[in-house]
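Residues per chain are reported as follows:
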Amino acid sequence: MTSANELRSGKGDRDENFPVASWIIHPRHRALILAFYNFVRTADDIADHATLKPDEKLAYLDLFERELLGNGDTQAEAVILRRALAERGMPPRHALDVLVAFRMDVTKLRYETWDEVIHYCRYSAMPVGRFMLDVHGESTSTWTASDALCAGLQINNHLQDCGKDFRALNRVYLPRDALAASGASVEQLGLDQSPPAMLQCLQALAARNELLLNESRSLCAEVRDFRLGVDISVIQAYADRIVRLLKVRDPLRERVHLNKLELITFSLAGILGEIGRRAIGRRPVSNPGPAHDA
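A quick note: this is a predicted structure, and the numbers were derived from the prediction, not measured.

Engineer: Is there a simple way to explain the overall build of the chain in this structure?
Structural biologist: When its secondary structure is counted, the chain shows 13 helices and zero strands. Of all intrachain contacts in the chain linking residues separated by at least 6 positions in sequence, the fraction that spans at least 24 positions is 73%. Of the roughly 13400 Å² of accessible surface on the chain, 53% is carried by carbon and sulfur atoms.

Given below as structure tokens:
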């Protein structure tokens, strides 16, 4: 088999909706975080590859799993992550979870309900936050708020890229029941501009996702690690801004992403806000409790 690295899309950490192993994170953690990111990014690119057949994609994902677990040394991303995890005495559970999501991407093209999308996020996004918390030695009690933030980031991405996902992969993460409630159709995702029904559906989903992101606001205050808390505050600021844009813009007509000025502005707001919160010792805000499976 071709090395999975040769199948990479070219997308990297600077293309994400959140900072990856940013300068905020302590240097001792960055190599492990980047190893995890490169493993996940490569597996994601395999699942999204334009010319690979479904059985070939699944074979690569199975190979990634085997080598992550120590059975082979042909795929650099799996081997590097395996060794990095072993150095820290950490299990591969979160990396194995994301492989579940990428197999779903190969075999599942439609989602019936919001709960089905959240179930997908349980494997595609929540393990990333849980991994970051484990790297920093945080309590699993932080997972509830982290899960909400990671799912919110994922759904932001689904809404931002809904047209591209449909045209390139025939993959639709918008729940069928939400489309039906607005009178929209899947085929409208192939248009250059949303008809009123589709725009109503997209903006209603953005509003629902904003409520989900509200459940994550306690996270930066729940974690003990100062640098991680600041990093989370920046990510929350990005997510909040993007979801507000999605509530008023049409992702089929325009690119809904943060520009450089917004990235700087919301980074500073997140950093200063968390530094100020910790300086005055404000207590974490109450968390409404889990809204998804563990």
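Engineer: Please clarify how the packing of helix H5 (residues 114-124) against helix H7 (residues 143-160) should be interpreted in this entry.
Structural biologist: Packed helix pairs are characterised by how far apart their axes lie and by the angle those axes make with each other. Put simply, H5 and H7 touch, their axes get as near as 9 Å, and they point 115° apart. Taken together, the axes of H5 and H7 are roughly perpendicular relative to one another. Crossing geometry of H5 relative to H7 is assigned as right-handed. Here H5 contributes Trp114, Val117, Ile118, Tyr120, Cys121 and Ser124 to the contact with H7, which in turn contributes Ala151, Gln154, Ile155 and His158. Broken down by class, the residue content of the contact of H5 with H7 amounts to seven nonpolar, three polar and no charged.

Engineer: Mind showing me how you'd approach the nonpolar core here?
Structural biologist: Core analysis: the biggest nonpolar cluster contains 84 residues, and Phe39, Leu81, Phe131 and Leu174 have the highest contact counts within it. Of the residues forming this core, the biggest block, 11 residues, is contributed by helix H12 (residues 226-246). Discounting chain neighbours no more than four positions away, the residues touching phenylalanine 39 are Phe64, Leu68, Glu77, Ala78, Leu81, Ala95 and Leu99.

Engineer: Looking at this model, I keep getting lost on the pattern of salt bridges. Mind explaining?
Structural biologist: Pairing between side chains of opposite charge can happen when the charged atoms of each approach one another. Using the criterion set out here, one finds 16 salt bridges in the structure. Between aspartate 105 and arginine 171 there is a salt bridge, with its nearest N and O atoms 3.9 Å apart. Here arginine 171 lies in the loop between helix H8 (162-169) and helix H9 (176-182) and aspartate 105 lies in helix H4 (residues 93-107), a separation of 66 residues in the sequence. Across the pair, exposure class does not vary: aspartate 105 and arginine 171 are buried alike. A single network of salt bridges, built from pairs that share partners, joins Arg41, Asp44 and Asp45.

Engineer: What is the right way to look at the packing of aromatic side chains in this model?
Structural biologist: Pairs of aromatic rings are described using the distance from one ring centre to the other and the angle between the two planes. Tallied over the full model, the rule gives five aromatic pairs. Here the basic side chain of lysine 108 rests over the ring of tyrosine 111, its NZ or CZ set 4.9 Å away from the ring centre. The lysine or arginine in question, arginine 122, covers the ring of tyrosine 123, its NZ or CZ lying 4.8 Å from the ring centre.

Engineer: I'm lost on empty space enclosed by the protein in this one. Help?
Structural biologist: A probe matching the size of a water molecule, rolled over the atoms, marks out where space remains unfilled. Overall, the coordinates contain two cavities of 30 Å³ or more when judged by the stated rule. Empty space within the largest cavity amounts to approximately 60 Å³. Taken together, Trp114, Val117, Ile155, His158, Leu159, Tyr173, Leu174, Pro175 and Leu205 form the lining of the largest cavity. Residues belonging to the lining of the largest cavity are distributed by class as follows: eight nonpolar, one polar and no charged. Empty space within the second largest cavity amounts to approximately 30 Å³. Around the second largest cavity, the lining residues are His158, Cys162, Asp165, Arg171, Val172, Tyr173, Leu174 and Leu189. Across the lining of the second largest cavity, the residue classes tally to five nonpolar, one polar and two charged.

Engineer: Where do I start with a nonpolar patch on the surface in this structure?
Structural biologist: Together, Ile264, Leu268 and Leu272 make up a nonpolar patch on the protein surface, roughly 310 Å² of accessible area in all. Tracing the backbone through its elements, the reader meets leucine 272 in helix H13 (residues 260-280). Since its relative accessible area comes to 57%, leucine 272 is described here as exposed.

Engineer: Which parts of the structure should I look at to understand the environment of glutamine 188?
Structural biologist: Tracing the chain through its elements places glutamine 188 in the loop between H9 and helix H10 (196-214). Sequence separation of glutamine 188 and methionine 198 is 10 residues, and the distance between their C-alpha atoms is 7.1 Å. Apart from residues lying up to four places away in sequence, glutamine 188 is in contact with Pro195, Met198 and Leu252.

Engineer: For this particular structure, what's the right way to read the side chain of aspartate 240?
Structural biologist: Counting through the fold element by element, aspartate 240 comes out in helix H12. Of the residues examined, aspartate 240 reaches a relative accessible area of 10% and is grouped as buried. Discounting residues that sit within four places of it in the chain, aspartate 240 has contacts with Leu213 and Arg217.

Calculation criteria
Residues numbered from 1 in each chain as written. Predicted model: local features only at pLDDT ≥ 70, side-chain atom pairs only at ≥ 80, totals over all residues. Heavy atoms only, no water. Helix = DSSP H or I, 4+ residues; strand = E, 2+ residues; numbered from the N terminus. Contact = heavy atoms within 4.5 Å. Areas by Shrake-Rupley, 256 points an atom, 1.4 Å probe, with all protein chains shown as cover. Axes fitted to C-alpha atoms, helices over the stretch in contact; angles between N-to-C directions. Parallel < 35°, antiparallel > 145°, perpendicular 65-115°, else oblique. Left-handed = near helix turned anticlockwise from the far one by under 90°. Nonpolar A, V, L, I, M, F, W, Y, C, P; charged D, E, K, R; others polar. Core = buried A, V, L, I, M, F, W, Y, C linked by side-chain atoms within 4.5 Å. Buried < 20%, exposed > 50% of the residue type's maximum accessible area, 1.4 Å probe, protein only. Salt bridge = Lys/Arg side-chain N within 4 Å of Asp/Glu carboxyl O. Phe/Tyr/Trp six-rings, centres within 6.5 Å; stacked < 30°, edge-to-face > 60°. Lys NZ or Arg CZ within 6 Å of the ring centre and 35° of its normal. 1 Å grid on protein atoms, 1.4 Å probe; cavity = no way out; pocket = protein on both sides within 12 Å on 5 of 7 lines; lining within 4 Å. Points joined across faces, edges and corners; volume = space filled by probe spheres on them. Patch = residues over 30% accessible without salt bridge, like charges linked within 9 Å, V, L, I, M, F, W, Y side chains within 5 Å.

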